[in-house]
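# Tertiary structure, described
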Amino acid sequence: MFDLKFDENLCLSCPTGACLVKCQYMELDKEQAKEEIINIFRGKDSPVLKECVTCYACEEYCRRGNHPFYLITQRREDKGILTAPRAITRQWVNIGEPKGKYEVGRISKKALSFGFMPQFLDITKGRLFEDVMPSYFFGQEFFCNVVYIHFGNTSVIKKRLPGVIKQIHDLGVEEVVFMHDECFAAFDSLGPAFGMQIPFRSVHYFQYLYERLQTLKDLIKPLDVKAAYQRPCSNRLCSETHKYLPVIMDMIGVDLVQRTYEDENALCCGSIFRSMFGYDLAADVQKRNIDDMTDNGAQYCIFNCHGCQNAMTAKIQARGIKPVHLVELCRMAIGEDPEKGV
Amino acid sequence: MSNIRERLADIVGERFVSDKAEDLYFYGRDPGLMPAVHPDWVVLPETVEEIQGIVKMAQMEGIPVVPMGAGMSLSGLVIPQKGGIVVDMKRMDRIVDINEKARYVIVEGGTSTGRLNAYLNKKYPRLRFSIPDSPAATTVAANVMIHGQGRLTQQYGFNSDMVSGLEVVLPSGELCRIGSCAISNEWFSKGAPLPDLSGLFLGWFGATGIITKAGIKLYPRKLLRDVEIFVTDSPDFIPEIIYEITHTEMTEDINIFSQPLPLIFKDNHHVVIYFTGDSEEEIEFRKKTVFHSLDLFIRNKDGGFMSVGAGMKKSLLEMPQRNASTFADVTKGGGFEYSGPIITIDKYPQCTRKLDELAHKYDLKYHGTARIIGRGHAMMFAFSFTFNRSDADMLDRTRKALHEASQYALSIGGVFWKPTIDEQKMALQKMDPEFARLLKMIKTNLDPQGIMNPGNWESK
C-alpha cells in the first residue's frame, strides 16, 4: 500500500555515489557504490544489505532526493535479512505497541510532541516553552515508529504510522513541534517518501528554539563554554535542520569545538551498535568519539537525543565532560536552572 | 501446663510476652498462601540465657517452640502448626564481633540483613555479605537457615555456604557452638577441618534448635557495580548462554527473568549480569570479556545486549531489589508467592514453558525468574504468581498453580527450596528412604519430644 518513492535514474546518473562512498563503516569507491545501490534497488543481493550498520548517514549524503537508507531497509525486509538479534527487534516492536496510556496536555493549535518519551516533560519548562506549553502529547499512540528502520522493518512503520498521523490530526493541531529528530523525520521525510499525506505542519525543535531565543534575546547571557555536539543518527533523516545548531550555539555563547567527528562525519553514540553487533564496534566508535571531544577541549557534551545521552553519559562523565541536553543549555543561557527545575 | 504466660514473663519480662488475640493473629500467618495457625504465646527474648530458659520450660511442659526471624519466607515456615510458643528473635539484633582481616562477622540470631548492611556500609565499607533480595527486615540467621541466596551466590554458592560458624540452643536447652568457634575464639569455619555439623541445623527451619549467633563470611566490596542485560527470544538458548558467561568468571551475580508485562519484556528472556570493579577499566574489561563470550549468539542473531536506561539500571542495582513488591501489586490486592525449586540450568526451558502453561491454565499473572547458584552448578527457578488477597477464587487458583509447579519441578529433578509442609512431605516421599531415615534419626535424637517447629521435616 505504501511504496517507497525511489528514482533509479537519479542513481544511474549520480556523479559521486556519495551515499556509500562517504559511508564511515564500509569501503566502496564511486563505481562500486553506484553499482551496489542499483543492485539493491533492482532486488539483487548486495553485501551492503549485510554490512550496513544502520547509521542512517547515507540519507544525508545523498543530495539528489533519493532515499538510500529507506531503500536498504525495505530490501532487507524483503529478503528477510536481520540487522539485530531477533529478541532486540522484538523488544523494540513491543516498546512501540500502543497501550492506551498516552498523555495529552491542554492542546491548542500548536503543540509539542514528545514521541513516547515522557522525560521531555521535565525539560520543556520555562520561558522558552511558555508560548506553547501545556499543549503537548506523548505516548505510544503518538510514537513515530521510525526507529524500526534500524531493524530492517518497514512493515511495522507502514502499519502504525498512518494511525499515529490520524491520532495527531484528531487532536485538532495545525502545527506540531517535534522534540525528537526521528519523530520530525517521520512526518517530514519518511512518511512522504512512502506516500503518506501529512495533514499538519511539522516543525523541528531546533527551529522552534532558534525563534524563541530570538524573541528572548534580551535575556540571553552568553554561557562562554566549550562544547562538543553529539549528533544522533536520526538527525541524518532531517539533515536540513542541522544548520540551526551552530546558529543557536552562537546565540547562547557556546563555542562548539572543532572536531574530526562532526557534521557529516559525526559518529554514532554506539547504543544501537552494541545491541546489534556486540562489543567491539560500539567500543571503538565510542572511544574515538569521546577522545575527539576531550582532545579538543570540550567541557560539555550537548545531546539532542535521550538515547545517545543514556548511552554516553557515564563514559563522558568519567572523562570529565558534563552531559547536557540542548534544551537545558538554551534554558541556562536565559538564566534558568534546569537542574533545580527553575 | 499452668501459668505458662507468667513463667514466660519471668524469663523475658512482662513487656515481651503476649497472649493477646491481636498478637496471636499476627504471629499465626506469613505473607504467603499457607493457612494461618495461631500460637498460644509470643515471646521476644533478648539474651541467649532467656532463649535457653524458654526452651527448657517448653521441653518440660511439652510445648511446641517456633523460632522466627522476620517471618517472610512466604512458605509458612514459621506458622506454628501445633500452636505453642513463637520465639520472635528481633530483639537479639546485635553485631557481636567482626574480624576484618579474616573477613567474617558474628551476628545475633535476630539481626536483620538491613542492619548488617548498614553497619558494614558505615564501619567497613570495603566488606560486604551476600544480601538476599528480600526486605531488609529479614534476618541473617533465618536467611542462611533456609539456604537463601543473594548477590554473591553466583560466586560463592548458597548463603548458607557462606556461614562461618553457629551458636545454637538445642532442643534440650543446652548451648552448642558449631565449627571453628567450638574449639577457638575464631569463627572462620562452620566445619572444616572438624566434622561439619552445621548441617544439623541449616535447612531444618528451627526443627533441631534455635540459632542464637551466626558467623557470616564477608567478601571484598568493590567501589563500582554495573549491570547489563542479554536478551534472547528462546529459552532453549539460556543454558548455553549461562555456561558461557559463568565460564568467564567475570560476574558478580546472574539472574534471569521473563514476564509478559510491561510489553518491553514480552516474549523474551533476560539474563541480568552484574559486574563489580575497583575502576572503570576493571569493569570494562569484565564486560568486554562477557560480551565476547556471547559473540556467537550475537552473530547468529539469537541474542543481544539491550539498552538499559538510567531508571531501570538504578532499580536493578538496588540491594535488596524492590521489584518483588512491585510485582506483588500487578494484580491489585498485593499478593505474591512463588515456588522456587533448586534445579540444574538445563531445565530452564522446561520450567519456563511450564510456567507459561500454568499461568494460562489458572488465568494468573506471572513472572519467571532464576538466580544462578555457583558457576552454573544450579539455579533457583521461581514460578511466581501475583494475586488479589481478597479474591478467594484467585487464591485457590494460585495455590493449585503453585502445587502443580512444585510437583512438576520435583518430577524433573528439582529439589524444593524453603518448602512448605506439603512440599516437605512430597520430598520425603520421593527421597532415598535411608536419607529420610537418617533425617528422622537426627531429629529424634536432638528433639525426642518433637517440640521444635513441629510439622517440619517430620517423616513417619
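Computed from a predicted structure; not experimentally measured.

### As for the overall build of chain A
Within chain A, the regular secondary structure consists of 16 helices and nine strands. Taking 2.2 N^0.38 as the reference for a compact globule, 342 residues should give roughly 20 Å; the C-alpha atoms of chain A span a radius of gyration of 20 Å, in line with that estimate. Once the C-alpha set of chain A is aligned to its principal axes, its extents read approximately 55 × 50 × 40 Å. Taken over 342 residues, chain A has a buried fraction of 50%. Within chain A, residue pairs in contact and separated by at least 24 positions form 75% of the contacts whose partners lie at least 6 positions apart.

### Considering the domain arrangement of chain A
All names here are of chain A. We note that the domain assignment places domain 1 (8-79), domain 2 (87-209) and domain 3 (216-340) within chain A. Distance between the C-alpha centres of domain 1 and domain 2: 27 Å. Contacts between the two partners involve eight residues from domain 1, matched on the other side by eight residues from domain 2. Taken together, the residues of the side of domain 1 that touches domain 2 sort by class into two nonpolar, four polar and two charged.

### Some points on the nonpolar core
If you look at the biggest cluster of nonpolar residues, it comprises 163 residues, and the most contacted ones within it are Val146(A), Cys301(A), Ile302(A), Cys330(A), Ile241(B) and Met379(B). If one sorts the elements of this core by residue count, strand β19 (residues 378-388) of chain B sits on top with eight residues. Not counting the four nearest positions on each side in its chain, Cys330(A) is found in contact with Leu128(A), Leu209(A), Leu213(A), Ile248(A) and Ile252(A). Counting residues in hydrophobic clusters, the runner-up holds 65 residues, among them Val78(B), Phe129(B), Ile131(B) and Ile178(B).

### Focus: the interface of chain A and chain B
Accessible area lost on assembly of the parts is the figure often given for the size of an interface. With 22 residues of chain A in contact, the opposing surface of chain B contributes 23 residues. When contributions to the side of chain A that touches chain B are tallied by element, the ones reaching two or more residues are α7 (86-95), α13 (271-277) and α15 (306-318) of chain A. If one sorts the elements of the side of chain A that touches chain B by residue count, α7(A) sits on top with seven residues. In terms of residue class, the side of chain A that touches chain B is built from 11 nonpolar, six polar and five charged.

### Structural notes on helix α11 (residues 205-215) of chain A
Residue and element names in this part refer to chain A. Turning to α11, its buried residues are Tyr205, Phe206, Tyr208, Leu209 and Leu213. Axial view of α11: buried residues confined to an arc of 160°, hence all on one face. Set apart from the buried face of α11 by more than 90 degrees, the exposed residues are Gln214 and Thr215. Considering only its buried residues, α11 is in contact with β4 (175-178), β5 (201-204), α12 (244-251) and α16 (326-333).

### Considerations on the environment of Glu244(B)
If you trace the backbone, Glu244(B) turns up in helix α7 (residues 238-248). Among residues more than four places away in sequence, those in contact with Glu244(B) are Ser293(B) and Leu294(B).

### A look at the packing of α11(A) against α12(A)
All names here are of chain A. Contact geometry of α11 with α12 gives a least axis separation of 10 Å together with a crossing angle of 30°. Comparing their axes, α12 and α11 come out roughly parallel. Two packed elements cross with a definite hand, and for α11 against α12 that hand is left-handed. Taken together, the residues of α12 that come into contact with α11 (itself represented by Phe206, Gln207, Leu209, Tyr210 and Leu213) are Tyr244, Leu245, Val247, Ile248 and Met251. Here the contact of α11 with α12 is composed, by residue class, of nine nonpolar, one polar and no charged.

### Topic: the sheet that holds strand β7 (residues 254-256) of chain A
Residues and elements named next belong to chain A. Ordered in space as β7-β6-β8-β9, the four strands form an open sheet in which the pairing is parallel. The outermost strands of the open sheet, each flanked by one partner alone, are β7 and β9 (322-325). Between one strand and the next, the sheet's axes are offset by a mean angle of 40°, whatever the strand orientation. Note: strand β6 (residues 225-230) against β7, three bridges, orientation parallel. By the bridge assignment for β7, Val225 is matched with Val254. On the sheet, α15 packs against β6, β8 (300-303) and β9 and is oriented at approximately 155° with respect to β9. Relative to β9, α16 is tilted by about 90°, and along the sheet it contacts β7, β8 and β9.

How each quantity is defined
Residues numbered from 1 in each chain as written. Chains lettered and ligands numbered in written order. Predicted model: local features only at pLDDT ≥ 70, side-chain atom pairs only at ≥ 80, totals over all residues. Helix = DSSP H or I, 4+ residues; strand = E, 2+ residues; numbered from the N terminus. Rg over C-alpha atoms; globule rule 2.2 N^0.38 Å. Buried ≥ 20, exposed ≤ 12 C-beta atoms within 10 Å, placed from the backbone. Contact = placed C-beta atoms within 7 Å. Domains from an automatic or database assignment. Nonpolar A, V, L, I, M, F, W, Y, C, P; charged D, E, K, R; others polar. Core = buried A, V, L, I, M, F, W, Y, C linked by C-beta atoms within 7 Å. Arc of directions from axis to C-beta. Axes fitted to C-alpha atoms, helices over the stretch in contact; angles between N-to-C directions. Parallel < 35°, antiparallel > 145°, perpendicular 65-115°, else oblique. Left-handed = near helix turned anticlockwise from the far one by under 90°. Pairing = 2+ DSSP bridges.

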